[in-house]
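Structural overview for review
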Amino acid sequence: GVCGGGPTVEIGSQFVPSHLMVRDGRTAPPSLLSEVELISLMDKNGIGTDATIAQHIATIQDRAYAEKDPSHKFHPTKLGIALVEGYNSMGYPLNRP
């Protein structure tokens, strides 16, 4: 079938591209989460209960994994980033879907 507007290709078939386009660009980190967005994501992913979500959020701040700015957006700290990268390197992708 057609995926992304390209031609129909059968499994195992071969083709020679007629051109190649390389685009110059930059990746950007995901936007920061607000407290409301974090609560919604925690609820959606079954993290905590209504009674414990506030405590979980306080814990990540108390342990200096993230800091909340005046606009209520969370910023990961170096410690928080290192923790996630450490778990990722051990095969536990905390920040992957």
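Basis of the calculations
Residues numbered from 1 in each chain as written. Predicted model: local features only at pLDDT ≥ 70, side-chain atom pairs only at ≥ 80, totals over all residues. Heavy atoms only, no water. Helix = DSSP H or I, 4+ residues; strand = E, 2+ residues; numbered from the N terminus. Rg over C-alpha atoms; globule rule 2.2 N^0.38 Å. Buried < 20%, exposed > 50% of the residue type's maximum accessible area, 1.4 Å probe, protein only. Contact = heavy atoms within 4.5 Å. Areas by Shrake-Rupley, 256 points an atom, 1.4 Å probe, with all protein chains shown as cover. Lys, Arg positive; Asp, Glu negative; His and termini not counted. Charge placed at Lys NZ, Arg CZ, Asp CG, Glu CD. Core = buried A, V, L, I, M, F, W, Y, C linked by side-chain atoms within 4.5 Å. Salt bridge = Lys/Arg side-chain N within 4 Å of Asp/Glu carboxyl O. Expected span 1.5 Å × (residues − 1). Polar contact = N/O pair within 3.5 Å; in protein donor to acceptor, adjacent residues only side chain to side chain.

1. Describing the overall build of the protein chain
Across its full length, the protein chain carries three helices and two strands. Counting helices and strands in the order they occur from the N terminus, the protein chain gives α-α-β-β-α. In terms of C-alpha radius of gyration, the protein chain reaches 21 Å, well past the compact-globule figure of 13 Å for 97 residues. Overall size of the protein chain, expressed as C-alpha extent along the three principal axes, is 55 × 30 × 30 Å. Burial status across the protein chain gives 9% buried among its 97 residues. Partitioning the intrachain contacts of the protein chain with sequence separation of at least 6 by distance along the chain shows that 25% fall at a separation of at least 24. Total accessible area on the protein chain is roughly 8,600 Å²; 59% of this is exposed by carbon and sulfur atoms. Measuring between centres, the 8 positive side-chain charges of the protein chain sit 6 Å from its 10 negative side-chain charges.

2. Structural notes on the nonpolar core
Leu-38, Met-42, Ile-53, Ile-57, Ala-66 and Phe-74 form the largest nonpolar core, which has six residues in total. Discounting residues that sit within four places of it in the chain, Phe-74 has contacts with Leu-32, Leu-33, Ser-34, Glu-35, Leu-38, Ile-57, Gln-61, Ala-66, Glu-67 and Lys-68.

3. A short note on the pattern of salt bridges
Under the criterion given, the structure shown has two salt bridges. The partner of Glu-35 in a salt bridge is Lys-68, and the shortest N-O contact between them spans 2.8 Å. Here Glu-35 is found in helix α1 (residues 35-44), whereas its partner Lys-68 is found in strand β1 (residues 66-68), with 33 residues between them in sequence. You can call Glu-35 partly exposed: its relative accessible area is 24%. Close ionic contact of Glu-37 with Lys-73 constitutes a salt bridge, the shortest N to O distance being 4.0 Å. Taken together, the positions of Glu-37 in helix α1 and Lys-73 in the loop between β1 and β2 (74-76) put the pair 36 residues apart, joining distant regions of the chain.

4. Topic: helix α3 (residues 78-89)
The first and last C-alpha atoms of α3 sit 16 Å apart over twelve residues, in line with the 16 Å expected at 1.5 Å per residue. Following α3 by one or two positions, Gly-91 adopts a phi angle in the positive range, close to 90 degrees.

5. What about the side chain of Thr-77?
Topologically, Thr-77 is positioned in the loop between β2 and α3. A distance of 3.0 Å separates a polar side-chain atom of Thr-77 from the backbone nitrogen of Gly-80. Among residues more than four places away in sequence, those in contact with Thr-77 are Ala-64, Tyr-65, Ala-66 and Glu-67.

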